[in-house]
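Next come the chains, spelled out residue by residue.
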There are 2 protein chains.
Amino acid sequence: MDLTTKLTAAAERLFDRHGFMATGMDRLTEAAGMSSRTLYKNAGSKAALMARVLTQRDRRFMARLEVQTVDALFAALEDWVRVEGCRGCLFLRSRAETGGDTPEIAEAVAAHKEAFHRRVGEVVATDLGCEDPVLAEQVLVLFEGATHAAVYRGAQTVSAAKAAAAILLERARS
Amino acid sequence: MDLTTKLTAAAERLFDRHGFMATGMDRLTEAAGMSSRTLYKNAGSKAALMARVLTQRDRRFMARLEVQTVDALFAALEDWVRVEGCRGCLFLRSRAETGGDTPEIAEAVAAHKEAFHRRVGEVVATDLGCEDPVLAEQVLVLFEGATHAAVYRGAQTVSAAKAAAAILLERARS
DNA sequence: ACCAATGTAAAACGATCGTTTTACATTGCA
DNA sequence: TGCAATGTAAAACGATCGTTTTACATTGGT
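With an unreviewed UniProt entry as reference, chain A is termed TetR family transcriptional regulator, source organism Pseudoroseicyclus aestuarii.

The following block contains the structure:
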């Protein structure tokens, strides 16, 4: 496996499980199996590494949301939490931990959330047959809520959100 | 104003705006207007101060949720974000930043989320006339989703969540 | 065979972390 | 009047932070 890939994967895991600020560079070098010299050659700085983790996660996450129906959207989330666990949204967490003061991170978060918002709108439009910004906003809320409620209520919460979205969609159809 | 109260209030503000880990004790002493000696006499440790901030926030937040209807529940959230802004759930954030490794914090978070879950169930039962755990879970998801989506979508999101909850409630009634 | 690139191991950088201590000022009550 | 409590200001604690540097090993290409 490529050095960059290994580092990014190890960093994502540590940031996600223990927090961004609480994860020191020594722990990263150990987990990535490389010297700090190589790490800095590769990542530049901790903030740059955080931003790269977010960019890569955005790709992995958004790839799963290439679906046509709202039901499939929540099914994708069910898959995600089964594989990745539920520790909340890493993007919002990174922004909160840095207070929005790190530009590279704030930009990565903004880009992801904008793409996510657009995707939800597209899926709702495809499923419904026409655009419905209000319904899209509600589906987005359910998705975000499932992500965060699952932290303490468990993965079952995603099913509850899926059912709720189905009701809203059905009502919008008639 | 009491020293303890002033410290807790200043700490809550800094933790919320800049993150728990990113907020150092020197910034806390300065914001609270007291020496580090007095701060430690009063709070014991940073972890204890974090736990106390969460306990006090739980009281302030839950006091606002003493309502009878689901609509009032989301109206209370609208008021909250208008006054306190929208930076996500401070409880989940504290847990994520510490990786769940600090017992006093993990317990404060668990206690709050359990109380919150119970309260939502009560409000739904009161509004509906009978218990409905499934609907309660969906309302909880909408509430949590509004809290977190509002971080990047703005306060309008809470209204969208409120409308969605009304639809689900209406459907459950018939 | 050799140079340049790329890696490791480990020490060191100054800064900042959470916390304790020292020395001193102010206060309220017996 | 005087003691005990409670506060401030500031230095100091060792640890750890993110980052750079020094010294050396391994490799691949011409």
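Still to come is the rest of the account.
Student: Is there a simple way to think about the overall build of chain A in this case?
Tutor: Looking only at helices and strands, chain A features nine helices and zero strands. Beginning at the N terminus, the succession of helices and strands in chain A can be written as α-α-α-α-α-α-α-α-α. Each principal axis of the C-alpha atoms in chain A carries an extent, and together these give about 60 × 30 × 30 Å. Buried positions account for 52% of the 174 residues belonging to chain A.

Student: Looking at this structure, I do not really get the interface of chain A and chain B. What am I missing?
Tutor: Reports often express the size of an interface as the amount of accessible area lost when the parts come together. Each partner contributes to the interface: chain A provides 39 residues, whereas chain B provides 39 residues. Buried area between chain A and chain B, summed over both chains or domains, comes out near 3,100 Å², and the portion from carbon and sulfur atoms is 66%. Along the contact surface separating chain A from chain B lie four salt bridges. A salt bridge links E170 of chain B to R171 of chain A, with the shortest nitrogen-to-oxygen separation between them at 3.5 Å. Remark: the boundary between chain A and chain B carries 10 residue pairs in polar contact (both at pLDDT 80 or more). Elements represented by at least two residues in the side of chain A that touches chain B include exactly α1 (3-18), α6 (90-98), α7 (103-128), α8 (133-153) and α9 (156-173) of chain A. Broken down by element, the residue count for the side of chain A that touches chain B peaks at 13 residues, all from α8 of chain A. Its residues assigned to classes, the side of chain A that touches chain B comprises 18 nonpolar, 10 polar and 11 charged.

Student: Explain the pattern of salt bridges here, please?
Tutor: Pairing is possible between side chains that carry opposite charge, provided their charged atoms lie close to one another. Here the structure, examined in full by the defined rule, presents 26 salt bridges over all chains. For R60 of chain A, the salt bridge identified is with E84 of chain A, shortest N-O distance 2.6 Å. Pair noted here: R60 of chain A is in helix α4 (residues 46-64) and E84 of chain A is in helix α5 (residues 70-84), with a separation of 24 residues, a long-range link. Since its relative accessible area comes to 28%, R60 of chain A is described here as partly exposed. A salt bridge links D127 of chain B to R173 of chain B; the nearest nitrogen and oxygen atoms lie 3.4 Å apart.

Student: Please explain the protein's contact with DNA strand C as it appears in this structure.
Tutor: The local shell around DNA strand C holds 16 residues, among which R37 and T38 of chain A together with M25, Y40 and K46 of chain B are the closest. Near the protein, meaning within 4 Å, the atoms of DNA strand C are sugar or phosphate in a fraction of 50%, with bases accounting for the rest. Elements that contribute at least two residues to the surface near DNA strand C include exactly α3 (36-43) of chain A together with α2 (25-32) and α3 (36-43) of chain B. When its residues are assigned to classes, the surface near DNA strand C shows four nonpolar, eight polar and four charged.

Student: I would appreciate a short explanation of the packing of aromatic side chains in the present structure.
Tutor: Where two aromatic rings form a pair, the distance of their centres and the angle of their planes describe that pair. Residues and elements named next belong to chain A. This structure, assessed with the given rule, holds 12 aromatic pairs over all chains. Ring centres of F61 and W80 lie 5.0 Å apart, and the angle between their planes is 90°; this geometry places the pair in the edge-to-face category. In this pair, F61 sits in helix α4 while W80 sits in helix α5, placing the two residues 19 residues apart along the sequence. With relative accessibility at 10%, the residue F61 sits in the buried group. Its relative accessible area of 6% is what places W80 among the buried residues. What links up through ring pairs into an aromatic cluster is the set F61, F74, W80, F116 and F143.

Student: I tried to follow the UniProt feature "domain: HTH tetR-type" (unreviewed entry) in chain A on my own but got confused; where do I start?
Tutor: According to UniProt, the "domain: HTH tetR-type" (unreviewed entry) feature falls on residues 1-61 of chain A. Structurally, residues 1-61 of chain A is divided into 79% helix and 0% strand, and its ends, taken at the C-alpha atoms, are 21 Å apart.

What counts and how
- Residues numbered from 1 in each chain as written.
- Chains lettered and ligands numbered in written order.
- Predicted model: local features only at pLDDT ≥ 70, side-chain atom pairs only at ≥ 80, totals over all residues.
- Heavy atoms only, no water.
- Helix = DSSP H or I, 4+ residues; strand = E, 2+ residues; numbered from the N terminus.
- Buried < 20%, exposed > 50% of the residue type's maximum accessible area, 1.4 Å probe, protein only.
- Contact = heavy atoms within 4.5 Å.
- Buried area = accessible area lost by both parts, 1.4 Å probe.
- Salt bridge = Lys/Arg side-chain N within 4 Å of Asp/Glu carboxyl O.
- Polar contact = N/O pair within 3.5 Å; in protein donor to acceptor, adjacent residues only side chain to side chain.
- Nonpolar A, V, L, I, M, F, W, Y, C, P; charged D, E, K, R; others polar.
- Near = heavy atom within 4 Å.
- Phe/Tyr/Trp six-rings, centres within 6.5 Å; stacked < 30°, edge-to-face > 60°.
- UniProt positions renumbered as here; feature names shortened; annotations may be inferred.

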